[in-house]
Number of protein chains: 4
Amino acid sequence: MKTLKQIIEQRDTVRGRTFDLAIQALIVVSLITFSIETLPDLSPTLRNLLHAIELITVVIFTVEYILRVIIADNKIRFITSFFGVIDLVAILPFYVTAGIDLRAFRAFRLLRLFRIFKLARYSVAVRRFHRAFLIAREEIVLFFCVTVILLFLAAVGIYYFENQAQPERFRSVFHSLWWAVATLTTVGYGDVYPITAGGRIFTFFVLLIGLGIVSVPAGLVSSALSKAREFENPC
Amino acid sequence: MKTLKQIIEQRDTVRGRTFDLAIQALIVVSLITFSIETLPDLSPTLRNLLHAIELITVVIFTVEYILRVIIADNKIRFITSFFGVIDLVAILPFYVTAGIDLRAFRAFRLLRLFRIFKLARYSVAVRRFHRAFLIAREEIVLFFCVTVILLFLAAVGIYYFENQAQPERFRSVFHSLWWAVATLTTVGYGDVYPITAGGRIFTFFVLLIGLGIVSVPAGLVSSALSKAREFENPC
Amino acid sequence: MKTLKQIIEQRDTVRGRTFDLAIQALIVVSLITFSIETLPDLSPTLRNLLHAIELITVVIFTVEYILRVIIADNKIRFITSFFGVIDLVAILPFYVTAGIDLRAFRAFRLLRLFRIFKLARYSVAVRRFHRAFLIAREEIVLFFCVTVILLFLAAVGIYYFENQAQPERFRSVFHSLWWAVATLTTVGYGDVYPITAGGRIFTFFVLLIGLGIVSVPAGLVSSALSKAREFENPC
Amino acid sequence: MKTLKQIIEQRDTVRGRTFDLAIQALIVVSLITFSIETLPDLSPTLRNLLHAIELITVVIFTVEYILRVIIADNKIRFITSFFGVIDLVAILPFYVTAGIDLRAFRAFRLLRLFRIFKLARYSVAVRRFHRAFLIAREEIVLFFCVTVILLFLAAVGIYYFENQAQPERFRSVFHSLWWAVATLTTVGYGDVYPITAGGRIFTFFVLLIGLGIVSVPAGLVSSALSKAREFENPC
């Protein structure tokens, strides 16, 4: 019992790290099989193989979940904790949807993706990112708000400039918002773009102001990470 | 009277914060109804509902404006202040255009968007952004100028390279400016791009120099924000 | 004579600043007329007006150039200096091409654009940018080299992946270089993009490495600018 | 013998630097001829010229390699070193494929590109970049992982939103991954983009979170480079 606890809960022993790595590898395997299953025109043989792999991974994750519940000092606290819920939600759809039709099954399977956060769970490095986020939280939230306001203003502006020239593409403020998102993030798919002189001059000013705002959070995160690192190694 | 003043003008009391949050929520509601109204093919029922919501929000904003004027110690100073004008301009179009035809009404309604700055008015966080802007103002203005010069040089250059190969898309320096904006901001819609070897090599050099200039302001803003934060918490 | 020198060469007197601003305004006017002249289908009246404006600006710039030569303590040094050459080159094409055919005239006129550097000449702020560039020069040159190598490697790689699938678009390493430029700068016009699975996976890795390299110089410039500012105001 | 060693291995003497520069120039020549050879429709004369240049460069690189082996104090250590292997691999394909058919020859020739790392070999500046990479290594690896997880989550999400509306473009999670790569790097070719309202709102949130993650490593590298520079010049 004590050995089991060491294997599953501890990270600084050889056994604990081997167990963690094995679970991480299994999550990656589970995600790859999930991705392959979305491919159309799979051969029945391959499909059966994928189902077999899925069955095995779900069984292992179930055993892991049960062991974690047994080991936990405070069982109710574990079950209601963030990762306790995630662990359950990752395996539950398989059992719940076992007898039902396929479509619903596919939709529920999306929840299995939360297993990816298990990867994060085992990683020490995520903590530093979390600390960096806390340092720059206020500014990130502020820039989030400013970005949303800017997107809205840009959408309304372009709607008035382009609505008559391209009634289909800039049909409403909501359609214009899609243009604002694609433009201010500089993705620029090319499915919607201004064609009037007014719309283009407006785009120019929106980009000039917008780029100085939308790409700021990345700079905030990277400078906060430097500070979080200095916090760990003050020298 | 004194109570009313506390509710409307103060932010650190429970009543004041509740009032502020209510006004903010109302602005968001007003913007959403405005956006929905731009959708084509709305049912008459929904259109009536939207008009009703609009009427209610405008009435509330009018009452708020009148109360602010009554409360203000220096009434003329409030009315001529930035937010005093914004508050008036946000409600005026509704009354002015009430009897006139619909098209002009729609055009004037754009002014109502300035209500969004009311959101900023209530937010303390905007001040920090303002301070950061003041720290990096000189560099931001310089880079704004350099960016404009660079855009112009890029437009003239590409005009000479591409005008003959694509006379329709690079018709003049102004048409080439649109290409310069879309390229140097890395949006790249794909509606205009060079096809000659010369134009492509020119684009390569313009991008090499341009990216090191156009994306600098964001870095300036983010480092200025760090400094503004250190200014608040010097320790 | 002494007064003239004060007006033209000094910047901290009222007269000097007025003269500088007037010349700057004239350069902007000259550039706008230049741009308008590239528009097709201009009316003869407008064309005549533009030619008149051009004549006036060139005459003023000629007078300015002659005055600068007369005023200069060391005339030969001024004429051979960077801005001395630029000033001459900005007005010379007008006189040289006055009698010749129009096409050559248009090509030579491009040189007039160097007048834009006159704008910079009057600006104190450019010096700070220059100092920042000197601070980060080594890294910027290094990243320039790494970017060029990366672009070449990306072009060769995508050529081997996509040449057979899209022989027209990825015809040679040079054609692939155009793809590499448009992709690594994240412009992404959409005229060339990989369609094979191999080419797409290669693009993924190129972007993952490339973005961490191509966008670094902007960060270098912005941090160097902070240092240049601290150098000016050490407190 | 001693003189030869000075020429080839030392960098601070005039002879050594001349030799280094000559080899670097030759690598650039070799890469340019390689690129030109990929052009279709070359005249036989040019093709012969390119082959002649190739022959000469390979012979010189072979002589250089042999000299380096002879000069090396520990021959086996040099041959098995990174640049020893690269040097051999850069010239071997030419001899190995001399008698065989052309197609295979072309494929093997790609290895010659590793000669480009010889350029790096002679550059002192690369060391600073290496040191900067070591400083920010942990964060870069973390962000690499987070980016991969984010790309996967984005791909799965968009697959569920767009698969039914665009079954051809979002055929599987793997096809959606291509969209995720092109979108989160803000390249945005425009070959795949969401068309459903759900997909577009999902794209908005993915970009809002993603831009704050994908573009962070560049900031990390640039701040690490500043630290590496301070490390060299502590004053």
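Cut-off values and rules
- Residues numbered from 1 in each chain as written.
- Chains lettered and ligands numbered in written order.
- Predicted model: local features only at pLDDT ≥ 70, side-chain atom pairs only at ≥ 80, totals over all residues.
- Heavy atoms only, no water.
- Helix = DSSP H or I, 4+ residues; strand = E, 2+ residues; numbered from the N terminus.
- Buried < 20%, exposed > 50% of the residue type's maximum accessible area, 1.4 Å probe, protein only.
- Contact = heavy atoms within 4.5 Å.
- Areas by Shrake-Rupley, 256 points an atom, 1.4 Å probe, with all protein chains shown as cover.
- Buried area = accessible area lost by both parts, 1.4 Å probe.
- Salt bridge = Lys/Arg side-chain N within 4 Å of Asp/Glu carboxyl O.
- Polar contact = N/O pair within 3.5 Å; in protein donor to acceptor, adjacent residues only side chain to side chain.
- Nonpolar A, V, L, I, M, F, W, Y, C, P; charged D, E, K, R; others polar.
- Phe/Tyr/Trp six-rings, centres within 6.5 Å; stacked < 30°, edge-to-face > 60°.
- Least-squares fit on C-alpha atoms with pLDDT ≥ 70 in both.
- Expected span 1.5 Å × (residues − 1).
- Patch = residues over 30% accessible without salt bridge, like charges linked within 9 Å, V, L, I, M, F, W, Y side chains within 5 Å.
- Axes fitted to C-alpha atoms, helices over the stretch in contact; angles between N-to-C directions.
- Left-handed = near helix turned anticlockwise from the far one by under 90°.
- Lys, Arg positive; Asp, Glu negative; His and termini not counted.
- pLDDT = per-residue confidence, 0-100.
- Parallel < 35°, antiparallel > 145°, perpendicular 65-115°, else oblique.

## Remarks on the overall build of chain A
Here is step 1: When its secondary structure is counted, chain A shows 12 helices and 0 strands.
Here is step 2: Each helix (α) and strand (β) of chain A, taken in turn from the N terminus, gives the series α-α-α-α-α-α-α-α-α-α-α-α.
Here is step 3: Counting all 235 residues of chain A, 44% fall into the buried class.
Here is step 4: A sequence separation of at least 24 residues applies to 63% of the contacts in chain A between residues at least 6 apart.
Here is step 5: Here chain A has roughly 11,800 Å² of accessible surface; of this, 70% comes from carbon and sulfur atoms.

## Some words on the interface of chain B and chain A
Here is step 1: Between chain B and chain A, the contact holds 38 residues from the first and 41 residues from the second.
Here is step 2: Summing the contributions of chain B and of chain A, the shared interface buries around 3,400 Å²; its carbon and sulfur component is 70%.
Here is step 3: At the boundary of chain B with chain A, the tally comes to 1 salt bridge.
Here is step 4: The salt bridge involving R200 of chain A is made with D191 of chain B; its shortest N-O contact spans 3.9 Å.
Here is step 5: In this assembly, chain B and chain A are joined by 4 residue pairs in polar contact (both at pLDDT 80 or more).
Here is step 6: Those elements giving two or more residues to the side of chain B that touches chain A turn out to be α2 (14-37), α6 (102-109), α7 (116-122), α8 (125-135), α9 (137-162), α10 (173-184) and α12 (216-232) of chain B.
Here is step 7: The element contributing the most residues to the side of chain B that touches chain A is α12 of chain B, with 7 residues.
Here is step 8: Among the residues making up the side of chain B that touches chain A, the classes are represented as 24 nonpolar, 8 polar and 6 charged.

## A few points about the environment of V63 of chain C
Here is step 1: Topologically, V63 of chain C is positioned in helix α3 (residues 44-71).
Here is step 2: Expressed as a C-alpha distance, the spacing of V63 of chain C and F205 of chain C, which sit 142 residues apart in the sequence, is 58 Å.

## A word on the packing of aromatic side chains
Here is step 1: Applying the stated rule across the entire model yields 28 aromatic pairs over all chains.
Here is step 2: Summarising the aromatic geometry, the rings of Y159 of chain A and Y160 of chain A are spaced 5.5 Å apart at their centres and angled 80° between planes, so their arrangement reads as edge-to-face.
Here is step 3: Between the aromatic rings of Y193 of chain A and Y189 of chain B, the centroid separation amounts to 5.8 Å while the plane-to-plane angle is 40°, which identifies the pairing as tilted. In this pair, Y193 of chain A sits in the loop between α10 (173-184) and α11 (197-214) while Y189 of chain B sits in the loop between α10 and α11 (197-214), so the two residues belong to two different chains.
Here is step 4: Relative accessible area serves as the criterion here: at 4%, Y189 of chain B is assigned to the buried category.
Here is step 5: A connected cluster of aromatic rings, assembled from ring pairs, spans W178 and Y189 of chain A together with Y193 of chain D.

## Some words on the relation of the copies chain B and chain A
Here is step 1: The two copies are related by a screw operation: chain B maps onto chain A through 90° of rotation and 0.0 Å of translation along the axis, at an RMSD of 0.1 Å. Viewed as a symmetry operation, the transformation between the two copies matches a four-fold axis.
Here is step 2: A different interface surface on each copy is seen, since only 11% of the contact residues of chain B are contact residues in chain A too.

## Some points on α10 of chain B
An α-helical segment advances 3.6 residues per turn. Residues three or four places apart therefore align on the same side.
Here is step 1: Spanning 12 residues, α10 of chain B covers 16 Å between terminal C-alpha atoms, matching the ideal 16 Å at 1.5 Å per step.
Here is step 2: Burial runs high along α10 of chain B: 9 of the 12 residues are buried.
Here is step 3: The set of residues buried in α10 of chain B consists of V173, S176, W178, W179, A180, V181, A182, T183 and L184 of chain B.
Here is step 4: At its buried positions, α10 of chain B is contacted by α11 of chain A, α9 and α11 of chain B together with α2 (14-37) of chain C.
Here is step 5: N-capping of α10 of chain B is provided by S172 of chain B, with a side-chain oxygen placed 3.2 Å from the backbone N of F174 of chain B.
Here is step 6: Just beyond α10 of chain B, the residue with positive phi is T186 of chain B, at close to 60°.

## A word on the interface of chain D and chain A
Here is step 1: On the side of chain A, 37 residues touch chain D, which itself brings 41 residues to the contact.
Here is step 2: Taken together, the two surfaces of chain D and chain A that pack against each other cover about 3,400 Å², and 70% of this comes from carbon and sulfur.
Here is step 3: Taken together, chain D and chain A are joined by 1 salt bridge.
Here is step 4: The interface formed by chain D and chain A holds 4 residue pairs in polar contact (both at pLDDT 80 or more) in total.
Here is step 5: Of all the secondary-structure elements, those providing two or more residues to the side of chain D that touches chain A are α9 (137-162), α10 (173-184), α11 (197-214) and α12 (216-232) of chain D.
Here is step 6: The greatest single-element share of the side of chain D that touches chain A, amounting to 10 residues, is contributed by α9 of chain D.
Here is step 7: When grouped by side-chain class, the residues that make up the side of chain D that touches chain A number 24 nonpolar, 12 polar and 5 charged.

## Thoughts on a nonpolar patch on the surface
Residues and elements named next belong to chain A.
Here is step 1: Taken together, L55, I56, V59, I60, V63 and Y95 make up a surface patch of nonpolar side chains, about 520 Å² in accessible area.
Here is step 2: With 5 residues, the single largest contributor to the nonpolar patch is helix α3 (residues 44-71).
Here is step 3: Considering the arrangement of structural elements, one finds I60 in helix α3.

## A word on the side chain of T38 of chain B
Residue and element names in this part refer to chain B.
Here is step 1: Inspection of the secondary structure assignment puts T38 in the loop between α2 and α3 (44-71).
Here is step 2: Residue T38 is classed as buried on the basis of its relative accessible area of 5%.
Here is step 3: A distance of 2.5 Å separates the side chain of T38 from the backbone oxygen of S35, its partner in a polar contact.

## Section: unusual backbone geometry
Here is step 1: Of note in this structure, D41 of chain C is not a glycine but carries a positive phi near 60°.
Here is step 2: Position of D41 of chain C among the secondary structure elements: in the loop between α2 and α3.

## Description of the packing of helix α2 (residues 14-37) of chain A against α3 of chain A
Two numbers describe a pair of packed helices, the interaxial angle and the distance between the axes.
Residues and elements named next belong to chain A.
Here is step 1: Where α2 contacts α3, the two axes come as close as 10 Å, and the packing angle between them is 145°. Considering the relative orientation of α2 and α3, their crossing is left-handed. For the pair formed by α2 and α3, the contact residues are F19, I23, L26, I27, V29, S30, T33, I36 and E37 on the first element and L46, R47, L50, H51, I53, E54, T57, I60, F61, E64 and R68 on the second.
Here is step 2: Split by residue class, the contact of α2 with α3 holds 11 nonpolar, 4 polar and 5 charged.

## Some remarks on the side chain of E162 of chain D
Residues and elements named next belong to chain D.
Here is step 1: Here E162 lies in helix α9.
Here is step 2: R200 provides the closest opposite charge to the buried, unpaired E162, separated from it by 6.5 Å.
Here is step 3: Setting aside its immediate chain neighbours within four residues, E162 contacts P167, F170, P194, I195, T196 and G199.

## Focus on the confidence of the model for chain A
Residue and element names in this part refer to chain A.
Here is step 1: When pLDDT is averaged across chain A, the result is 79; 82% of the residues are at 70 or more.
Here is step 2: Within chain A, the element-level pLDDT minimum falls on helix α6 (residues 102-109), averaging 47, and the maximum on α10, averaging 92.
Here is step 3: Counting contacts from residues 101-107, a segment whose pLDDT is below 50, to residues more than four positions away or on other chains yields 7 contacts.
Here is step 4: Interface confidence for the predicted complex, expressed as ipTM, amounts to 0.82; the pTM equals 0.86.

## A few points about the packing of α9 of chain B against α11 of chain B
Residue and element names in this part refer to chain B.
Here is step 1: Running from N to C, α9 and α11 point in directions that differ by 175°, and their axes come no closer than 10 Å. As the angle between them shows, α9 and α11 are arranged roughly antiparallel. Contact with α9, carried on its side by F143, V146, T147, L150, L153, A154, G157, I158, F161 and E162, involves G198, G199, F202, T203, V206, I209, G210, I213 and V214 of α11 and no other residues of that element.
Here is step 2: Its residues assigned to classes, the contact of α9 with α11 shows 12 nonpolar, 6 polar and 1 charged.

## Digging into the environment of F129 of chain C
Here is step 1: With respect to the helices and strands, F129 of chain C occurs in helix α8 (residues 125-135).
Here is step 2: Taking the relative accessible area as the measure of exposure, F129 of chain C reaches 24% and is therefore partly exposed.
Here is step 3: Through-space distance from the C-alpha of F129 of chain C to that of L55 of chain C is 34 Å; in sequence the pair is 74 residues apart.
Here is step 4: Once you skip the residues sitting within four places of it in the chain, F129 of chain C turns out to touch L142 and F143 of chain B together with V221 and L225 of chain C.

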